[in-house]
Amino acid sequence: MTVFADYAPWYDLLYQDKDYAAETAFVEARLRDCGVASGKLLDLGCGTGLHALAFARNGWSVAGIDLSHEMIASAKARAAKAGLSIPFRQGDACETGPERDFDAVVSLFHVASYQTSRDALVAMFRTAYAALKPDGVFLFDYWYGGAVLAQGVETRVKVIEQAPLRLTRIAQSDHDERAAAVTVNYTLFCEDTKNATIRRVDEAHHMRYWFPFEIDAALAASGFQPAAHAAWLTQDAPNLKNWAAYAVARKSVVP
Ligand SMILES: C[S@@+](CC[C@H](N)C(=O)[O-])C[C@H]1O[C@@H](n2cnc3c(N)ncnc32)[C@H](O)[C@@H]1O
């Protein structure tokens, strides 16, 4: 069973406050800055497909891959309901698949930090490289190590009410600085207040934070030109206040 198996049904409710449309517009603007304004876009680690659908609605020809069967099932159902034809497939972003000739590859909401070794990160980047056209652009975000070390980890509780459901998520993290790794232990209490039922879900998510120089080395090992790095949803340098950074890299014409 992969991570997100039990978590998937609750994912959209947990992130109902996340502005996928605005994030998609931001990513499109950064792709446009690189001269990529339309065409084929691959979403690596697409989850339940919320970015993918937003890109498709904006005219991109989108495909999505995710490791989790449950997340892909949810993405497929969402696309079918919206009447959008998006090929979603279950698969490992660290294994090069049949996808080719994409203008852009994106990997959003920390997928790169779910890759907990340099080899896995390089493998994921190679998948993006293989999928892109020459001069295609790869944009992805990651946990920025400087901010994680500056802020440290803390226990977080999130409560979401959507009657009759009440969801309480406790995120308790273990930080291993020597391995640049954080294990986030999620406990979800999923209550149906109408039927007076409660279900507990436990999942451990193993994360790796990265520094731009490590990302650049992994990109170079995968054939990409050096990346530009910035704090998520800004064009400013990654900073100690923002855990999320993103990188934009171009596929070299000659690997
Ligand atoms: C926090 S979720 C983000 C999902 C989606 N991109 C979004 O923005 O909502 C991280 C996703 O990465 C996926 N993932 C992690 N490692 C992966 C891998 N090696 N290959 C494919 N998907 C992966 C997980 O299954 C999960 O759906």
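Everything below is about the structure printed above this text.
Basis of the calculations
Residues numbered from 1 in each chain as written. Predicted model: local features only at pLDDT ≥ 70, side-chain atom pairs only at ≥ 80, totals over all residues. Heavy atoms only, no water. Helix = DSSP H or I, 4+ residues; strand = E, 2+ residues; numbered from the N terminus. Contact = heavy atoms within 4.5 Å. Buried < 20%, exposed > 50% of the residue type's maximum accessible area, 1.4 Å probe, protein only. Near = heavy atom within 4 Å. Polar contact = N/O pair within 3.5 Å; in protein donor to acceptor, adjacent residues only side chain to side chain. Areas by Shrake-Rupley, 256 points an atom, 1.4 Å probe, with all protein chains shown as cover. Nonpolar A, V, L, I, M, F, W, Y, C, P; charged D, E, K, R; others polar. Pairing = 2+ DSSP bridges. Axes fitted to C-alpha atoms, helices over the stretch in contact; angles between N-to-C directions.

Engineer: Hey, could you go over the environment of Phe55 for me, with residue numbers and the actual values?
Structural biologist: Inspection of the secondary structure puts Phe55 in helix H3 (residues 50–57). Between the C-alpha atom of Phe55 and that of Thr155, which follows or precedes it by 100 residues, the distance is 34 Å. With sequence-adjacent residues up to four places away left out, Phe55 is seen in contact with Thr24, Val27, Glu28, Leu41, Trp60, Val62, Val106 and Leu108.

Engineer: Can you break down the environment of Tyr15 residue by residue, with the values?
Structural biologist: Mapping Tyr15 onto the fold places it in the loop between helix H1 (8–14) and helix H2 (20–33). According to the relative accessible area criterion, Tyr15 is buried, its value standing at 14%. Leaving out residues up to four positions away in the same chain, Tyr15 has contacts with Tyr7, Tyr20, Phe109, Lys158, Arg169 and Tyr186.

Engineer: Which residues make up the site of the ligand, and what are the values?
Structural biologist: Around the ligand, 20 residues are found, and the nearest of them are Tyr11, Tyr20, Gly45, Asp66 and Ala93. Asp66 places a side-chain nitrogen or oxygen 2.6 Å from an oxygen atom of the ligand. Within the complex, the protein chains bury 97% of what would otherwise be the 590 Å² of accessible surface of the ligand. Tallied by class, residues from the shell around the ligand come to 12 nonpolar, six polar and two charged.

Engineer: Could you give me a rundown of the sheet that holds strand S9 (residues 197–208), with the residues and numbers involved?
Structural biologist: Within a sheet, neighbouring strands are paired by backbone hydrogen bonds and run either parallel or antiparallel to one another. In space, the four strands of this open sheet follow the order S6-S7-S8-S9, with antiparallel pairing throughout. Two strands lie at the open edges of the sheet, namely strand S6 (156–162) and S9, each paired on one side alone. Across the sheet, the mean angle from the axis of one strand to that of its neighbour is 15°, orientation sign disregarded. Looking at chain direction, strand S7 (residues 165–176) and strand S8 (residues 181–192) are connected through 12 bridges and run antiparallel. Residue Ser173 lies in a different strand from S8, and its bridge partner there is Val184.

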